[in-house]
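Breakdown of the fold
Spelled out, the chains give:
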Amino acid sequence: MLQPPADRPFAPPPAVAAPDLDPMRTVPFRVAGLHVDNEDTFTLELTPPAGHELAPFKPGQFNMLYVFGVGEVPISISGDPDRPGVLVHTTREVGAVTQAMRGLRIGDAIGVRGPFGSSWPVEAAEGRDVVLIAGGIGLPPLRPALYHVLARRERYGRVMLLYGARTPEDMMFPDELAKWRAMFDLEVHVTVDRATGNWRGNVGVVTPLVKRAPIDPRRTVAMICGPEIMIRFACQELARRGVSPQDTYVSLERNMKCAVGLCGHCQVGGHLVCRDGPVFSYDQVERLLDQGEV
Amino acid sequence: MAVRRLEAAALDALFGALRRRGYTLVGPTLHDGAIVYDELDGADQLPIGWTEVQDAGHYRVVRRDDDARFGYTVGPYAWKRYLHPPALRLWRAERDAEGGFELLDDAHEVPRYAFVGVRPCDVAAIAIQDRVFMGGAHVDHDYQARRAGAFIVAVNCTEPGGTCFCASMDTGPKARAGYDLLLTEIVEPGRNGQRAEPVYLLEVGSERGEELLSELGGRPARDDEVAEGERRLAEAADKMGRTLDTHGLADALRRSLDNSRWDEPAARCLACGNCTLACPTCFCNTVEDTTDLTGAFAERTRRWDSCFTHDLSYIHGGPVRVSLKSRYRQWATHKLGTWMEQFGTSGCVGCGRCITWCPAAIDLTEEVAAIAASAQARATRRQARVAPSPETGKGVGDAATTR
Ligand SMILES: Cc1cc2nc3c(=O)[nH]c(=O)nc-3n(C[C@H](O)[C@H](O)[C@H](O)COP(=O)(O)OP(=O)(O)OC[C@H]3O[C@@H](n4cnc5c(N)ncnc54)[C@H](O)[C@@H]3O)c2cc1C
Ligand code: SF4
Ligand code: SF4
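Note that the structure is predicted; figures quoted are calculated from it, not measured. (Residues numbered from 1 in each chain as written. Chains lettered and ligands numbered in written order. Predicted model: local features only at pLDDT ≥ 70, side-chain atom pairs only at ≥ 80, totals over all residues. Heavy atoms only, no water.)

**Notes on the packing of aromatic side chains**
Residue and element names in this part refer to chain B.
- Counted under the stated rule, the structure contains 21 aromatic pairs over all chains.
- Ring centres of phenylalanine 133 and tyrosine 143 lie 4.9 Å apart, and the angle between their planes is 45 degrees; on these two criteria the pair is classed as tilted. A residue pair is termed long-range when its members are at least 10 positions apart, and phenylalanine 133 in helix α3 (residues 120-134) and tyrosine 143 in helix α4 (residues 141-149) qualify at ten residues.
- Residue phenylalanine 133 is classed as buried on the basis of its relative accessible area, which comes to 0%.
- Judged by relative accessible area, tyrosine 143 falls into the buried class, the value being 1%.
- Chaining the aromatic ring pairs together yields one cluster made of Tyr37, Trp79, Tyr82, Tyr113 and Phe115.
- Sitting above the plane of the tryptophan 50 ring, arginine 63 keeps its charged end 4.6 Å from the centroid.
- The ring centre of tyrosine 77 lies 3.8 Å from the NZ or CZ of arginine 81, which sits over that ring. (Phe/Tyr/Trp six-rings, centres within 6.5 Å; stacked < 30°, edge-to-face > 60°. Helix = DSSP H or I, 4+ residues; strand = E, 2+ residues; numbered from the N terminus. Buried < 20%, exposed > 50% of the residue type's maximum accessible area, 1.4 Å probe, protein only. Lys NZ or Arg CZ within 6 Å of the ring centre and 35° of its normal.)

**Observations concerning the environment of leucine 213 of chain B**
Residue and element names in this part refer to chain B.
- With respect to the helices and strands, leucine 213 occurs in the loop between α6 (207-212) and β12 (219-220).
- Residue classification places leucine 213 among the buried residues on the basis of a relative accessible area of 12%.
- For the pair formed by leucine 213 and alanine 17, sequence separation is 196 residues and the distance between their alpha carbons is 9.3 Å.

**Some remarks on the sheet that holds strand β12 (residues 248-251) of chain A**
Residue and element names in this part refer to chain A.
- With mixed pairing, seven strands are arranged side by side in an open sheet as β10-β9-β8-β7-β11-β12-β15. Taken across any chain shown, the strands that pair with only one partner, and hence form the sheet edges, are β10 (202-203) and β15 (279-281).
- As paired strands, strand β8 (residues 159-165) and strand β9 (residues 187-192) are joined by six bridges and run parallel to one another. Within β9, the residue paired with tyrosine 163 across the bridge is valine 190.
- The strands touched by helix α2 (residues 139-151) within the sheet are β7 (129-135), β8 and β11 (220-225), with β7 carrying the most contacts at an inclination of about 160 degrees.
- Along the sheet, helix α3 (residues 174-182) makes contact with β8 and β9, crossing β9 at roughly 135 degrees. (Pairing = 2+ DSSP bridges. Contact = heavy atoms within 4.5 Å. Axes fitted to C-alpha atoms, helices over the stretch in contact; angles between N-to-C directions.)

**Considering a negative patch on the surface**
- Residues Asp12, Asp38, Glu39, Asp41 and Asp44 of chain B make up a contiguous surface patch of negative charge.
- Its place among the elements puts aspartate 44 of chain B in the loop between β3 (34-39) and β4 (50-55). (Patch = residues over 30% accessible without salt bridge, like charges linked within 9 Å, V, L, I, M, F, W, Y side chains within 5 Å. Areas by Shrake-Rupley, 256 points an atom, 1.4 Å probe, with all protein chains shown as cover. Salt bridge = Lys/Arg side-chain N within 4 Å of Asp/Glu carboxyl O. Lys, Arg positive; Asp, Glu negative; His and termini not counted. Charge placed at Lys NZ, Arg CZ, Asp CG, Glu CD.)

**Some remarks on the site of ligand 1**
- Close to ligand 1 lie 24 residues; Pro74, Arg92, Thr98 and Glu253 of chain A together with His316 of chain B are nearest.
- Chains contributing residues near ligand 1 are chains A and B.
- A distance of 3.2 Å is found between an oxygen atom of ligand 1 and a backbone nitrogen or oxygen belonging to glycine 95 of chain A.
- About the coverage of ligand 1: the protein hides 89% of its 820 Å² of free accessible area.
- Counting only elements with at least two residues in the shell around ligand 1, the list comes to β4 (71-76), β5 (87-92) and α1 (96-102) of chain A together with β15 (314-315) of chain B.
- Per-element tally for the shell around ligand 1: the top contributor is β4 of chain A, with four residues.
- Its residues placed into classes, the shell around ligand 1 shows 13 nonpolar, seven polar and four charged. (Near = heavy atom within 4 Å. Polar contact = N/O pair within 3.5 Å; in protein donor to acceptor, adjacent residues only side chain to side chain. Nonpolar A, V, L, I, M, F, W, Y, C, P; charged D, E, K, R; others polar.)

**Topic: the site of ligand 3**
- The immediate surroundings of ligand 3 are formed by Cys269, Leu270, Ala271, Cys272, Gly273, Asn274, Cys275, Phe308, Tyr328, Cys358, Pro359 and Ile362 of chain B.
- Classifying every residue of the shell around ligand 3 by side-chain character gives ten nonpolar, two polar and no charged.

**Topic: the confidence of the model for chain A**
- Per-residue confidence for chain A gives a mean pLDDT of 93, with 93% of residues at or over 70.
- Residue range residues 12-19 of chain A is modelled with pLDDT below 50. Its contacts to residues more than four positions away, or to other chains, number eight contacts. (pLDDT = per-residue confidence, 0-100.)

**Concerning the pairing of strand β5 (residues 58-63) of chain B**
- Here β4 of chain B runs beside β5 of chain B; their pairing, made up of six bridges, is antiparallel. The residue of β5 of chain B that forms the bridge with glutamate 52 of chain B is valine 61 of chain B.

**Describing the nonpolar core**
- Ile133, Leu162, Ile224, Leu238 and Val250 of chain A together with Phe115 of chain B are the most contacted members of the largest nonpolar core, which has 74 residues in total.
- Here the element with the most residues in this core is α3 of chain B; it accounts for eight residues.
- Apart from residues lying up to four places away in sequence, leucine 162 of chain A is in contact with Val131, Leu132, Ile133, Ala134, His189, Val206, Leu209, Val210 and Ala213 of chain A.
- Core analysis: the second largest hydrophobic core is formed by 33 residues, Ala114, Val153, Leu181 and Val204 of chain B among them. (Core = buried A, V, L, I, M, F, W, Y, C linked by side-chain atoms within 4.5 Å.)

**Remarks on a positive patch on the surface**
Residue and element names in this part refer to chain B.
- On the surface, a cluster of positive charge is made up of Arg255, Arg381, Arg382 and Arg385.
- Mapping arginine 385 onto the fold places it in helix α13 (residues 364-386).
- Classification of arginine 385 by relative accessible area gives partly exposed; the value is 48%.

Here's what the structure looks like:
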């Protein structure tokens with residue numbers, strides 16, 4: 001059989017601790033908490049069944065959430081990695097499965113497989129400035145990284161959150177945003193595509209925030225989550241500011257059926273997003289995303 | 001282990017020996033004008049005296065003038081349908097009264113197959129799917145169980161087909177590993193209306209295979225018999241219906257995503273997915289979650305999928321690969337390029353199925369060779385532009401000289 005070229009060696013992924021568990025079997029968790037964030041977004045707090053220990057997760061990882069008989073979709077973990085015992089997911093209702101998920105009530109069961117995937121480089125970013133850039137529903141997958149950094153604030157340089165939403169009403173976690181904005185050692189800049197009500201803040205996409213932010217390119221590690229087009233513009237702007245693609249991390253969304261590298265759906269070139277991502281450094285995927293339809 | 005020589009009747013003994021050990025026998029058989037794989041009762045169900053003519057978009061079975069049992073190459077089926085079935089229930093779940101549900105512990109027994117007549121390309125294809133389903137951090141449990149139980153009787157190819165290019169892909173025409181038993185069929189052309197009976201050279205690849213030997217009869221092969229087998233296999237390597245230069249191919253494809261040459265296959269491709277279904281390594285699959293009429297039971301079924309569908313890459317708002325061009329490009333670059341990064345081997349073994357079974361007669365070897373040639377031309381042009389000119393010592397592309 002033909003082997004990979006020497007300059008692009010294949011590194012087999014590390015084995016998991018308990019490979020004897022069938023990775024396709026879901027575990028029925030219970031909805032313990034339910035919060036409607038805004039018109040189409042909701043947050044679920046899930047607890048495991050008796051006897052099942054909740055696996056620790058890293059910021060940026062996701063679970064496959066299964067609604068009985070309807071389907072299963074990848075959703076990032078939006079909770080605090082330092083808060084054990086409860087699993088938090090924030091979901092936007094866009095289609096069949098997420099709609100059915102929205103219909104769940106406290107006490108209902110929801111299947112969970114995971115956690116899967118790579119994570120935000122919160123440890124590698126110690127000693128550096130951290131710039132988090134989120135668009136819309138891209139804030140929840142970044143929130144665990146922010147929790148992690150804020151809990152160890154002294155280990156980081158400047159910390160910045162740049163966030164863009166469609167309208168002020170679409171803004172995720174408004175109470176927390178207010179709290180974060182009040183913190184002296186966290187800079188928060190938000191913008192909306194369309195101002196409504198008595199909005200007096202920035203209007204427009206998130207890219208100008210990146211342009212204006214006090215970024216020191218040599219010290220910065222950037223983490224970006226949002227629609228792919230927003231990711232690309234933000235990355236281009238960061239590159240223009242001198243932040244290297246190796247220091248720029250993005251989370252990619254692709255169709256996923258298995259989340260364990262066995263179904264082929266989430267390929268992006270030589271990457272399987274579920275296995276090698278969803279968090280990539282931008283230099284790994286820039287060429288592919290620029291090409292489009294990959 | 002020394003090579004043995006068997007008479008044709010040894011195949012009956014082989015079938016019997018495998019059946020006595022509890023294997024379900026699967027092998028090639030003639031069905032509806034094609035040689036397909038099916039469960040077989042005896043060696044008499046093999047396509048005795050048949051071969052096939054294959055070309056791009058073309059397949060026809062024809063009679064041979066001998067009684068070869070394995071005088072053909074590969075048909076529309078691949079062994080993956082037994083190791084990774086087209087549809088498989090993964091689990092069932094039952095709802096309880098309190099809004100919860102529970103996964104049922106269905107006893108899950110997999111069949112134990114003996115595959116008889118696995119060609120070298122397909123032996124390699126099984127090794128590739130092993131890497132996909134068992135080589136990573138997460139293992140496909142059903143595949144693993146089926147694979148552990150499978151007994152493989154491989155058959156070398158002394159007569160490659162019209163779309164074969166295993167020699168280019170380094171997988172055939174002789175199998176090197178991955179079998180329990182390996183046969184080389186030697187048959188002389190029929191004479192004066194007399195149909196010749198084949199004889200076999202037998203090599204052993206595993207303890208399981210070794211353990212069967214005493215029941216197969218035959219005798220140690222003489223050196224000249226072994227040499228004759230080798231000679232026929234070496235000759236076969238030079239008679240491949242297709243060839244593919246794989247040198248630097250993966251890199252050329254990686255650099256050619258924007259090549260307009262992809263428009264050509266895209267203009268002919270019907271997105272039927274035949275190539276992915278026929279391919280012995282294509283593994284993409286999807287799951288379907290359903291409930292019964294009462295809503296009390298749910299189940300998950302895994303099904304083969306194809307990168308030629310829009311659904312495969314669908315995310316909210318639309319598929320990632322909208323154009324047919326992007327889907328054909330995905331398939332070809334995956335098979336011969338990105339598969340290496342994902343699983344450490346090529347995704348193509350050169351079996352030729354995708355070429356034969358494409359209704360539009362698109363030939364993978366021709367398409368990627370054209371892409372690679374154009375990538376090469378591009379690289380040469382680029383080099384010419386930056387290469388130092390003999391007079392000035394400066395490149396033509398050097399700003400100082402051109403201005
Ligand atoms: C790693 C990862 C993390 C994600 N994290 C979140 C999150 O934290 N919050 C959130 O609201 N959404 C998240 N998504 C997107 C979410 O998975 C989709 O919105 C969801 O799959 C839509 O399913 P649906 O059945 O409701 O929609 P439909 O449009 O009916 O989709 C049909 C099917 O297509 C697939 N699909 C559709 N859209 C997507 C998509 N964007 N990504 C992957 N598969 C898709 C699913 O299999 C889905 O069942 C994430 C996606 C990925 C890949
Ligand atoms: S890509 Fe074509 S030639 Fe290669 S293994 Fe698949 S079907 Fe055979
Ligand atoms: S390349 Fe041929 S076989 Fe494959 S999807 Fe297109 S038309 Fe069908």
